[in-house]
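# Structural features, examined
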Amino acid sequence: VTGVQTCALPIWLGGDEFVVMLEDLSEVPENAAVQAEAIGEKILAVLDQPYLLGGRGCHSTASIGVTLFGNRPDSTDEALRQADIAMYQAKAAGRNTLRFFSPPLQVAVNARARMEDDLRQALKANQFILYYQPQVDRGGLLGAEALIRWKHPTRGLLSPGEFIPLAEEAGLILLVGDWVLEAACTQIAAWAHRKETAHISIAVNISARQFREPGFVDRVLAVLNRTGANPENLKLELTESMLVDNIEDVIDKINHLKPRGLGFSLDDFGTGYSSLAYLKRLPLDQLKFDQAFVRDIMTDIGSRAIAKSVVSLGQALGLTVVAEGVESEEQRGLLASLGCQSFQGFLFGWPLPLKEFELALPGFAKGSAPK
């Protein structure tokens, strides 16, 4: 094969990943890139066309990553790796687009690869820790949300936003999610032996990938049995995006777990894709409306109207409504005047490691931030 070849798409080929190799392109890399881009755009245009599947209209989009390797001594794996890097850049740009590999991308992917290796090691070396943020009402502490942190050996304490997306991409989110669930249930069981903590429920965020696993219900029940945690003190927080793919599966799994005593909350309500038809059918216990509405509630009429609507909706459905991101007494007062009685946010307490959270319990019990 002569000239500059172009290879598109990734190293680990799944059912929706393909490689295209172009031969006899220009010897000049710049010209070869123009030719490859033109062909890539044609592929995108064809794949963007609607089609019938089982009599139903469907629509798909693609993301294409391109690398030029020609007569360079790169291995096949290296060429595919470069195309993979570029493809993820295309996805990040909004999908249905095309991106070329460049050296700065190599730097980024090397960092990502190191981070992925570190993440795998973190699971083996137990480098994760749970922080707890209080949820309160007018009567005091309702429970706490468990929030994972990573005690990275060189980068220090990392927040979820710095590694959870990578865990999703690398297929490690199931292991991370299992760790969080196990740690939270272990803590529920430990708190059960103390009068001042026995009533505390812990809310755990469940990823869409985790919840969709066929064995999810059995895994949750196994963790409860193994740790001895009271199921009534465990609340699973779901996101609206889970409702889009298979609402029947969501309902079925909730219905299998609720009789055991578990609670279910719909997190970040108002920012996702759920409809009222879905919400009416879901056997939930709680709605948490997103902090984006709380942040501007004092000045933005729209945010205030949304907050009032969510509170009214929750009351009509018999659900507890929790306002997230409450940072001031003014916000809490206005939310209370709208009928919201449960809150979470910096006003009441930052996410804290276990020992600090337990020391702050007297302040949480009064429904206010600890002094």
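Residues numbered from 1 in each chain as written. Predicted model: local features only at pLDDT ≥ 70, side-chain atom pairs only at ≥ 80, totals over all residues. Heavy atoms only, no water.

## Here we look at the packing of helix H7 (residues 216-227) against helix H9 (residues 247-257)
Put simply, the test is: Between N-to-C directions, angles cover 0 to 180 degrees, with each direction set by a line fitted to C-alpha atoms, over the stretch in contact for helices. Helix and strand assignments come from DSSP, with helices taken as H or I runs of at least 4 residues and strands as E runs of at least 2, each series counted from the N terminus. Angle categories are assigned with fixed cut-offs, so that under 35 degrees is roughly parallel, over 145 is roughly antiparallel, 65 to 115 is roughly perpendicular, and the rest are oblique. By the definition used in this description, the sense in which the near helix is turned from the far one sets the handedness, with an anticlockwise turn below a right angle giving left-handed and a clockwise turn giving right-handed. Contacts are residue-level and defined by heavy atoms, with any inter-residue pair within 4.5 Å sufficient. Each residue is assigned to one class: nonpolar for Ala, Val, Leu, Ile, Met, Phe, Trp, Tyr, Cys and Pro, charged for Asp, Glu, Lys and Arg, and polar for all the others, Gly among them.
Relative orientation of the contacting elements H7 and H9 amounts to 25 degrees, with a least axis distance of 10 Å. The orientation of H7 with respect to H9, classified from their angle, is roughly parallel. Seen from above, H7 lies across H9 with right-handed handedness. Residues Phe216, Val217, Val220 and Leu221 of H7 touch H9, and the partners they reach there are Lys253, His256 and Leu257. When the residues that make up the contact of H7 with H9 are grouped by side-chain class, the tally is five nonpolar, one polar and one charged.

## Observations regarding the pattern of salt bridges
To keep things clear, this is the line we draw: Salt bridge criterion: a side-chain nitrogen from Lys or Arg within 4 Å of a carboxyl oxygen from Asp or Glu. Under the scheme applied here, a residue whose accessible area is under 20% of the maximum for its type counts as buried, over 50% as exposed, and between as partly exposed, the area being computed with a 1.4 Å probe on protein chains only.
Summed over all chains, the structure comprises 13 salt bridges. Ionic pairing is found between Arg219 and Asp178, a salt bridge with its closest N-O pair at 3.3 Å. Of this pair, Arg219 sits in helix H7 while Asp178 is found in helix H5 (residues 173-191), placing the two residues 41 residues apart along the sequence. Close ionic contact of Glu182 with Arg226 constitutes a salt bridge, the shortest N to O distance being 2.6 Å. Here Glu182 is found in helix H5, whereas its partner Arg226 is found in helix H7, with 44 residues between them in sequence. For Glu182, a relative accessible area of 25% corresponds to the partly exposed category. For Arg226, a relative accessible area of 54% translates into the label exposed. Salt bridges here are not isolated pairs; linked through shared partners, they connect Glu145, Glu237, Lys288 and Glu324.

## Some details on the side chain of Gln210
Filter applied, for reference: Throughout this description, a polar contact denotes any pair of N or O atoms lying within 3.5 Å of each other; where both atoms belong to protein, one of them has to be capable of donating a hydrogen while the other can accept it, and for residues adjacent in sequence the pair is counted only when both atoms sit in side chains.
Position of Gln210 relative to the elements: it lies in helix H6 (residues 208-212). One polar contact links the side chain of Gln210 to the main-chain carbonyl oxygen of Gly177, over a distance of 3.3 Å. Other than its neighbours up to four places away in sequence, Gln210 contacts Leu174, Gly177, Asp178, Asn205, Phe216 and Arg219.

## Quick look at the side chain of Glu116
By secondary structure assignment, the location of Glu116 is in helix H3 (residues 103-125). The class for Glu116 is buried, based on a relative accessible area of 17%. At a separation of 2.9 Å, a polar atom in the side chain of Glu116 contacts the side chain of Arg120. Once you skip the residues sitting within four places of it in the chain, Glu116 turns out to touch Leu166, Ala170 and Leu172.

## Details of the pairing of strand E14 (residues 320-323)
Rules: Here, a strand pair is defined by DSSP locating no fewer than two bridges between the strands. The path from the first strand over the helix to the second decides the hand: if it runs clockwise while the strands point away from the viewer, the crossover is right-handed.
Pairing of strand E13 (residues 286-289) with E14, which is carried by four bridges, proceeds in the parallel orientation. When the bridges of E14 are listed, Gln286 appears paired with Thr320. Once the chain exits E14 it traverses helix H13 (residues 329-337) before rejoining the sheet at strand E15 (residues 342-344), and the crossover so formed is right-handed.

## Some points on the layout of surface pockets
Cut-off, in case you're wondering: Lining residues are defined by having an atom within 4 Å of a point belonging to a cavity or pocket. Those points lie on a 1 Å grid over the protein atoms alone, cavities being sets where a 1.4 Å probe fits but cannot get out and pockets being open sets with protein on both sides within 12 Å along at least five of seven lines. Grid points are joined across faces, edges and corners, and a volume is the space filled by probe spheres set on the points.
When its volume is computed, the largest pocket comes out at roughly 890 Å³. If you go around the largest pocket, you meet 31 residues; those closest to its centre are Glu145, Leu147, Pro160, Asn205 and Asp267. Mapped by element, the contributors of at least two residues to the lining of the largest pocket are strand E8 (140-152), helix H4 (164-169), H5, strand E10 (201-205) and strand E12 (263-269). Among the elements that make up the lining of the largest pocket, the one with the highest residue count is E8 (five residues). Looking at side-chain class alone, the lining of the largest pocket contains 13 nonpolar, 10 polar and eight charged residues.

## Notes on the packing of aromatic side chains
Stated formally: Ring geometry is summarised as follows: Phe, Tyr and Trp rings, the Trp one being its six-membered ring, pair when their centres sit within 6.5 Å, and such pairs are stacked at plane angles under 30 degrees, edge-to-face over 60 and tilted between the two.
Here the structure, examined in full by the defined rule, presents 10 aromatic pairs. Each member of the aromatic cluster is reached from another via a ring pair, and the members are Phe128, Trp150, Phe163 and Trp179.

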